Amino acid sequence: DRTQSTAFKKKDDDQGKKARTGKTTAVNMAAANPLYYTDRPDPRLETLSAHSAIPVHVNRVMEIDEGFLACLGAERYPGYLGTDFGLFGRPALLYRGQTQRLVEQLATNAEAAPQRATVLDGKGGTGKSAELLKLASVAASLGHIVVYAPSTVRWVNSSRPYAPEAGDSGLFVQLELALEQLRTMNGMCRDALAKVPLGRSAAVGKRRLAAESTLADLIDIGLQTPALSHDVLDLLLDVASTQTAVPVLVAVDEVNALWSDSMYRDQGDVVLPARRLRLIRALLPFFEGERSLARGWVLGAISRVDVRFMPKDLKLRLDPPPAVPLANPDLAKDPSIVRQPTDLPFDTIGVERLSAAEAWALMRFYHETSIIASPVTEALVAKKWVVASGNPRELFASVTSFA
């Protein structure tokens, strides 16, 4: 191969720069040419936790706790965050001013829970999933019971097994996904679950639990008997939502999928609405105002990546068309012409675009991790910030694109 530099050719004594292993090429870093290979940058970052989620760390990039992420599994990061973490060499996110305000709201709601859920909304790429992930991580470190669903689109896109539930409920079960949710909760907040007694005797399958049994005992049944995972999850949410001993955070990403049509079909080949999936049915009441927490916060995040799972009705209510005043009184009364007041069962918080200081902090981090090689100057940051309109995803794309 004449296009290959001699510095990359393997020597006869096996001390060269490359060693063929099957279809891949492994680089011997000890003998690598420093013009082509350098060690991965290792910037020192503080881990995001209950102790470090404080105002002094606003506009700093912080590392998400590895133990928390291990509970999610390697391929269950929300959105594009898994790819980003791979490029950074670590799971790191910017601790924004809005993150601090959400953490403060989490502390307030831990004492007096609001009756309505809150949903993070904003244009694609503004960092809604990142904010939800950071908040779930902080809540877990605070010792809250955390019910975190990083991707509900996976629940409705027909990528996982499902089956009709026994009886005439008309619902469909997804035992594999329900079991995953129990495993995630068990890893994130086992100690918190052990502090909450059931408060009443309960039967799960052929097992009977005494009133003094805890949620940790309950979740063990689901982990040992996957066929009971839905029953265990439903009972766990019922007890957790009514108790006041430990705060609860219900954090659901891609929450719009809860109201969508799924890609599953029933026995008559009719498309299943998401609400006919039992896993969706367990969380939907929290966002429709039918169920609330006695202590804690129900928080969701809208995703606009996959339009198949953004119901038109929900989109119109989130982004209503502008109201145009009509001089004709007859037309003004026509409901098909005049926009009705937006009625949502939850409150919304708009995720803001990056401030100049936040853009500067991100660019410095990109330079420290060798995402960009150019020195970070005010002119460079201003240019990228303006081109991206303050959108974090577009800012990242602008420094990783070869165009």
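Preceding block: the structure.
These figures come from a predicted structure and were not determined experimentally.

Asker: Requested: an account of helix α14 (residues 392-400), with residues and values cited.
Answerer: Here α14 has its buried residues at Pro392, Leu395, Phe396 and Val399. Taken down its axis, α14 places every buried residue within 95 degrees of arc, on the same side. The inward-facing, buried residues of α14 abut α2 (81-88), α12 (356-368) and α13 (378-387). Structurally, the start of α14 carries an N-cap: the backbone nitrogen of Arg393 is 3.0 Å from a side-chain oxygen of Asn391.

Asker: Talk me through the packing of aromatic side chains; I want residue IDs and the actual numbers.
Answerer: With the rule as written, the count across this model stands at 10 aromatic pairs. Ring geometry for Phe88 and Phe365: centres 5.0 Å apart, planes at 75 degrees, overall edge-to-face. With a gap of 277 residues between them, Phe88 in helix α2 and Phe365 in helix α12 connect regions that are remote in the sequence. With a relative accessible area of 7%, Phe88 lands in the buried category. Between Tyr162 and Phe172, the ring centres sit 5.7 Å apart and the planes meet at 35 degrees, which makes this aromatic pair tilted. Taken together, the positions of Tyr162 in the loop between α5 (153-156) and β7 (163-164) and Phe172 in strand β8 (residues 172-173) put the pair 10 residues apart, joining distant regions of the chain. Joined through ring pairs, the aromatic side chains of Phe88, Phe365, Tyr366 and Phe396 make up one cluster.

Asker: Could you give an account of the nonpolar core, with specific residues and numbers?
Answerer: Taken as a class, soluble globular proteins show a tendency for nonpolar side chains to be buried jointly. If you look at the biggest cluster of nonpolar residues, it comprises 117 residues, and the most contacted ones within it are Phe68, Ile145, Tyr148, Leu215, Phe287 and Tyr366. Every residue in contact with Leu215, bar those within four places of it in the chain, is listed here: Ile145, Leu193, Val196, Leu198, Leu236, Val239 and Ala240.

Asker: Provide a residue-level description of the pairing of strand β12 (residues 261-265), including the pertinent values.
Answerer: Two elements, β12 and strand β13 (residues 271-273), share two bridges in a ladder whose sense is antiparallel. Each bridged residue has a counterpart across the sheet, and for Arg265 the counterpart in β13 is Val271. The hairpin turn running from β12 into β13, its antiparallel successor, is five residues long, and Asp269 in that turn takes a positive phi close to 65 degrees.

Asker: Could you give me a rundown of the layout of surface pockets, with the residues and numbers involved?
Answerer: Gaps left between atoms show up when a probe the size of a water molecule is rolled over them. As a volume, the largest pocket reaches approximately 800 Å³. Lining the largest pocket we find 43 residues, and of these Gly79, Tyr80, Leu81, Ser129 and Arg393 sit closest to its centre. Among the elements of the structure, α2, β4 (92-95), α4 (128-141), α5, α12 and α14 are those that each provide at least two residues to the lining of the largest pocket. Element by element, the count of residues in the lining of the largest pocket is highest for α4, at five residues. Considered class by class, the residues forming the lining of the largest pocket number 21 nonpolar, nine polar and 13 charged.

Asker: Please provide a residue-by-residue account of α12, values included.
Answerer: Taking 1.5 Å as the rise per residue, α12 with 13 residues should run 18 Å; its terminal C-alpha atoms sit 18 Å apart, in good agreement. Buried residues of α12: Glu358, Ala359, Ala361, Leu362, Met363, Phe365 and Tyr366, and no others. As for α12, its buried residues are in contact with β3 (60-63), α2, β4, α3 (97-111), α13 and α14. Ser370 lies just past α12 and shows a positive phi near 65 degrees.

Asker: Any chance you could break down unusual backbone geometry for me, citing the residues and the numbers?
Answerer: Phi is positive for Asn59, which is not a glycine, with a value near 70 degrees. Mapping Asn59 onto the fold places it in the loop between β2 (24-27) and β3. The exposure class assigned to Asn59 is partly exposed, which follows from its relative accessible area of 26%. Positive phi values are uncommon outside glycine, yet Ser370 reaches one of about 65 degrees. Secondary-structure assignment places Ser370 in the loop between α12 and α13.

Rules used in this analysis
Residues numbered from 1 in each chain as written. Predicted model: local features only at pLDDT ≥ 70, side-chain atom pairs only at ≥ 80, totals over all residues. Heavy atoms only, no water. Buried < 20%, exposed > 50% of the residue type's maximum accessible area, 1.4 Å probe, protein only. Helix = DSSP H or I, 4+ residues; strand = E, 2+ residues; numbered from the N terminus. Arc of directions from axis to C-beta. Contact = heavy atoms within 4.5 Å. Polar contact = N/O pair within 3.5 Å; in protein donor to acceptor, adjacent residues only side chain to side chain. Phe/Tyr/Trp six-rings, centres within 6.5 Å; stacked < 30°, edge-to-face > 60°. Core = buried A, V, L, I, M, F, W, Y, C linked by side-chain atoms within 4.5 Å. Pairing = 2+ DSSP bridges. 1 Å grid on protein atoms, 1.4 Å probe; cavity = no way out; pocket = protein on both sides within 12 Å on 5 of 7 lines; lining within 4 Å. Points joined across faces, edges and corners; volume = space filled by probe spheres on them. Nonpolar A, V, L, I, M, F, W, Y, C, P; charged D, E, K, R; others polar. Expected span 1.5 Å × (residues − 1).

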